[in-house]
Amino acid sequence: MPPGTEGEDRTPDVPLHYHLCPQCARAVPVQSGELYCVNDGARLLSACPACGAAITSPYSRYCSGCGRILKP
Ligand SMILES: [Zn+2]
Ligand SMILES: [Zn+2]
């Protein structure tokens, strides 16, 4: 095992979270490792900027924790 291998954990009962593009509402699973949108280069949201709730649905447009819109 090489030291310093980064989170390649595939535990089946880890809930799936998404990164969401605030520009085009594209969602990618956190496991993909993408940090920026490949469509427009915007920094993907990994959680609600207002309350920090995780994005659990790829179709999220509003935060499930505080109801705030996730795209400008
Ligand atoms: Zn985008
Ligand atoms: Zn929120």
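This is a predicted model, so every value here is computed, not measured.

On to the overall build of the protein chain. Within the protein chain, the secondary structure is distributed over 0 helices and 2 strands. When burial is assessed residue by residue, the protein chain has 14% of its 72 residues classed as buried. When contacts within the protein chain are restricted to residue pairs at least 6 apart in sequence, those whose partners lie at least 24 apart make up 25%.

All right, on to unusual backbone geometry then. Leave glycine aside and you will find that most residues have negative phi; peptide bonds, for their part, are mostly trans. At A25, a residue that is not glycine, the phi angle is positive and equals roughly 65°. Note on placement: A25 falls in the loop between β1 (18-20) and β2 (27-29).

Take the environment of A25 next. Residue A25 is classed as partly exposed on the basis of its 14 C-beta neighbours within 10 Å. Note: C-alpha distance between A25 and R61 (36 residues apart in sequence) is 7.3 Å. In contact with A25, other than residues within four places in its own chain, are L20, R61 and K71.

Grouped together as the largest cluster of nonpolar side chains are 8 residues: Y18, L20, C21, L44, C48, I55, C63 and L70. When near neighbours in sequence (up to four residues on either side) are disregarded, L20 contacts A25, A27, L44, L45, I55, S60 and L70.

What counts and how
- Residues numbered from 1 in each chain as written.
- Chains lettered and ligands numbered in written order.
- Predicted model: local features only at pLDDT ≥ 70, side-chain atom pairs only at ≥ 80, totals over all residues.
- Helix = DSSP H or I, 4+ residues; strand = E, 2+ residues; numbered from the N terminus.
- Buried ≥ 20, exposed ≤ 12 C-beta atoms within 10 Å, placed from the backbone.
- Contact = placed C-beta atoms within 7 Å.
- Core = buried A, V, L, I, M, F, W, Y, C linked by C-beta atoms within 7 Å.

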